Amino acid sequence: MAWRVAQPAALLRELGHLAKALCLFSDPHAPIPSDRIAASDWRASAATVEGLIFRDSKVNLSEGIDELVIVPDGALWYLPFEILPAASAADPGGDVVEGEGASAPLLRDRCRIRYAPTRALAVAGSPRPNPDGPPAVAAPIAIHAGHPPRGEKPEVFADAAPRLAASIGPSVSITAPPGAHAAMPPLLAASLCDGLVVLDEIDLTGDAPVSSRLLLGRVSDRATRGGATFGDWLSAPRKRPSRVVLPGTQTPMAAGLTKPASRPGEELFLAATDLLGAGARTVLMSRWRMGGKTSVDLTAEFLRDTDDVGANRAASWSRAVDVVSREEPDPTLEPRLRVAGQSLPTDLRHPLFWAGYMLVDGGMSAPVTVPPAGNAGPKPAAARGRGAK
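None of these values were measured; they are calculated from a predicted model.

Definitions and limits used
- Sequence order sets the numbering: in each chain, residues are counted from 1 along the sequence as written.
- A pLDDT threshold of at least 70 governs which residues receive local features in this predicted model, and a stricter bar of 80 or more applies before side-chain atom pairs are shown or counted, although totals over entire chains, interfaces and linings include all residues.
- Each side-chain value is derived from all of the structure's non-hydrogen atoms; neither hydrogens nor water enter the calculation.
- A run of DSSP states H or I qualifies as a helix once it reaches four residues; a run of E qualifies as a strand once it reaches two. Both are numbered from the N-terminal end.
- Buried, partly exposed and exposed residues are distinguished by accessible area as a fraction of the type maximum, computed with a 1.4 Å probe on protein chains only: under 20%, between the cut-offs, and over 50%, respectively.
- In what follows, a contact means two residues having at least one pair of non-hydrogen atoms within 4.5 Å.
- Accessible surface is estimated by sampling points in the Shrake-Rupley manner with a 1.4 Å probe; for residues, cover comes only from the protein chains shown.
- With axes taken as lines fitted to C-alpha atoms, and helix axes fitted only over the stretch in contact, angles between N-to-C directions fall between 0 and 180 degrees.
- In these notes the angle categories are as follows: under 35 degrees is roughly parallel, over 145 is roughly antiparallel, 65 to 115 is roughly perpendicular, and the rest is oblique.
- Throughout, a crossing is termed right-handed when the near helix is turned clockwise from the far one, and left-handed when it is turned anticlockwise from it by less than a right angle.
- When residues are sorted by character, Ala, Val, Leu, Ile, Met, Phe, Trp, Tyr, Cys and Pro go into the nonpolar class, Asp, Glu, Lys and Arg into the charged class, and all the rest, Gly among them, into the polar class.
- Centres within 6.5 Å make a pair out of two Phe, Tyr or Trp rings, where for Trp the six-membered ring is used; the pair is then stacked when the planes are under 30 degrees apart, edge-to-face when over 60, and tilted otherwise.
- The term salt bridge refers to a side-chain nitrogen of Lys or Arg lying within 4 Å of a carboxyl oxygen of Asp or Glu.
- Helix span is expected to be 1.5 Å times the residue number reduced by one.
- A residue counts toward a patch only above 30% relative accessible area and without a salt bridge, and it is joined to like-charged neighbours within 9 Å or, for Val, Leu, Ile, Met, Phe, Trp and Tyr, to nonpolar neighbours within 5 Å.

Peer 1: Before we move on, can you summarise the overall build of the protein chain with the specific residues and values?
Peer 2: A tally of regular secondary structure across the protein chain gives twelve helices and 14 strands. A total of 389 residues make up the protein chain; the buried ones form 49% of that total. Partitioning the intrachain contacts of the protein chain with sequence separation of at least 6 by distance along the chain shows that 80% fall at a separation of at least 24. Of the accessible surface of the protein chain, which amounts to about 18600 Å², a share of 55% is contributed by carbon and sulfur atoms.

Peer 1: Which residues make up the packing of helix α6 (residues 154-167) against helix α10 (residues 292-305), and what values do they have?
Peer 2: Between α6 and α10, the shortest axis-to-axis distance is 9 Å and the interhelical angle comes to 25°. If you check the angle between α6 and α10, you find them roughly parallel. As for how α6 packs across α10, the hand of that crossing is right-handed. Within the contact between the two elements, α6 uses Ala160, Arg163, Leu164 and Ser167 and α10 uses Lys293, Val296, Thr299, Ala300 and Arg304. Class assignment for the residues of the contact of α6 with α10 results in four nonpolar, two polar and three charged.

Peer 1: Kindly report on the packing of aromatic side chains, identifying the contributing residues and their values.
Peer 2: Considering all chains together, one arrives at four aromatic pairs under this definition. Ring plane angle 70° and centroid distance 6.4 Å describe the contact between tryptophan 77 and phenylalanine 269, whose orientation is recorded as edge-to-face. With tryptophan 77 in the loop between β2 (67-70) and α4 (107-110) and phenylalanine 269 in helix α9 (residues 266-277), the pair connects residues that are 192 residues apart, well separated along the chain. Accessibility expressed as a relative area gives 3% for tryptophan 77, which makes it buried.

Peer 1: So, unusual backbone geometry: which residues are in play, and what are the values?
Peer 2: The omega torsion of the bond from alanine 236 to proline 237 falls at 0°, within 30 degrees of zero and hence cis. Residue position: proline 237 is located in the loop between α8 (230-234) and β10 (243-246). One non-glycine residue, leucine 257, lies in the positive phi region at around 60°. As for its position among the elements, leucine 257 is in the loop between β11 (249-250) and α9.

Peer 1: Outline the environment of proline 345, supporting the account with residue identities and numerical values.
Peer 2: Tracing the sequence through the fold places proline 345 in the loop between β13 (337-338) and β14 (357-361). Judged by its relative accessible area of 14%, proline 345 falls in the buried class. Remark: the alpha-carbon pair of proline 345 and proline 329, spanning 16 residues in sequence, is separated by 7.0 Å. Ignoring anything within four residues of it in the chain, the contact list for proline 345 reads Ser34, Glu328, Pro329 and Leu337.

Peer 1: Go over the pattern of salt bridges with me, naming the residues and quoting the values.
Peer 2: Using the criterion set out here, one finds 15 salt bridges in the structure. As a salt-bridge pair, glutamate 67 and arginine 114 come within 2.7 Å of each other at their nearest N and O atoms. Placement of the pair is glutamate 67 in strand β2 and arginine 114 in strand β3 (residues 112-115), with a sequence separation of 47 residues. Among the salt bridges present, the one from arginine 240 reaches aspartate 194, with a minimum N-O distance of 2.7 Å. Separated by 46 residues along the polypeptide, arginine 240 in the loop between α8 and β10 and aspartate 194 in the loop between α7 (186-191) and β6 (195-198) bring together distant segments of the chain. Judged by its relative accessible area of 38%, arginine 240 falls in the partly exposed class. When salt bridges that share partners are traced, they join Glu67, Arg112 and Arg114 into one network.

Peer 1: Could you give an account of α10, with specific residues and numbers?
Peer 2: The terminal C-alpha atoms of α10 lie 21 Å apart, and with 14 residues this matches the ideal 20 Å at 1.5 Å per residue to within 8%. Within α10, eleven of the 14 residues are buried, leaving the element largely enclosed by the surrounding structure. Along α10, the positions that sit buried rather than exposed are Gly292, Thr294, Ser295, Val296, Asp297, Leu298, Thr299, Ala300, Glu301, Phe302 and Leu303.

Peer 1: Requested: an account of a nonpolar patch on the surface, with residues and values cited.
Peer 2: Together, Met184, Leu188 and Leu192 make up an exposed nonpolar region whose accessible area comes to about 280 Å². Structurally, the position occupied by methionine 184 is in the loop between β5 (171-173) and α7. Residue methionine 184 is classed as partly exposed on the basis of its relative accessible area of 46%.

Peer 1: Requested: an account of the environment of phenylalanine 230, with residues and values cited.
Peer 2: Relative to the assigned elements, phenylalanine 230 resides in helix α8. With 19 residues separating them along the chain, phenylalanine 230 and serine 211 place their C-alpha atoms 4.9 Å apart. In this structure, phenylalanine 230 is in contact with Ile202, Leu204, Val210, Ser211, Arg213, Leu214, Leu215, Leu246, Ala271, Asp274 and Leu275, ignoring residues within four places of it in sequence.

Next up, the structure:
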């Protein structure tokens, strides 16, 4: 279903207000005081955004939807639809009623949510194993963690990859030694694995072509074959990882949309299509980077739950958020969290910690019913008459 948003300029302004309500300001690396997180009124802004988007639609978000597939356009790539109120189109958005806002159900509470760059990719499905073919040979998950972002303690960042590796199945580090010539380039090593996780910061801000942006390592690493761009990843041959997880992606949303891109959302659209075009079936990437233990835990929960090729990726991601958001944060392991006063969060339910991620996925393929052998049914009339006198 498609419709026109009546006030796109107002929607863009409100997205900026929502970013600030989520505690996303001009510095995407600065720690955020816990008292500011506790006082943030993101629900009211989310309700306004919901009204601006769905007011002229006939969509009822409050019931009858098991799975919602979103094909964003423009600045809507920056919007975490998961945190919108599950209101009806007959009563869209509006102000949050005092005393009820804190318990109002969110859209993610009503249905599974996934994103797709195009309508065709929204129903791309996933390949099903051939029961009559040879058994698939499993390969490990590739983990890349090269350089800690600005403001993050090196020891916290260095602990992320081992922590993740200990929480999932077979994995291999593909990080090239600093300054050394890589014996096997990370690009080649990653392309032979079943999945890829990049814990480094991936900067998608600015107007440079996405194909030139670093997916693995830094610019200086390319001289020693330790780095690779999105363009390198997209180049032939087709890459094996069916799941790609990029929890460190930074977009203009990370800086509160204070410096909007000249072509809003294009960088996420192109990054997602590059990864899907190279062979991925599922991409989990962020709009803003939080890092730390929460990021590792969300990634681990999702990867463990999607080891089964038949797993519903949207359901797996929803479950991962449910599990991790109930945990109490450890400020020493959360680089973007700074304790202020007595307002340390008791859990991670605030969307700042989890709503930045978007699951890009083609959904599940429809089951194929194969008739039993010897019961193929009558031949078509044309086939029965072929060769008859």
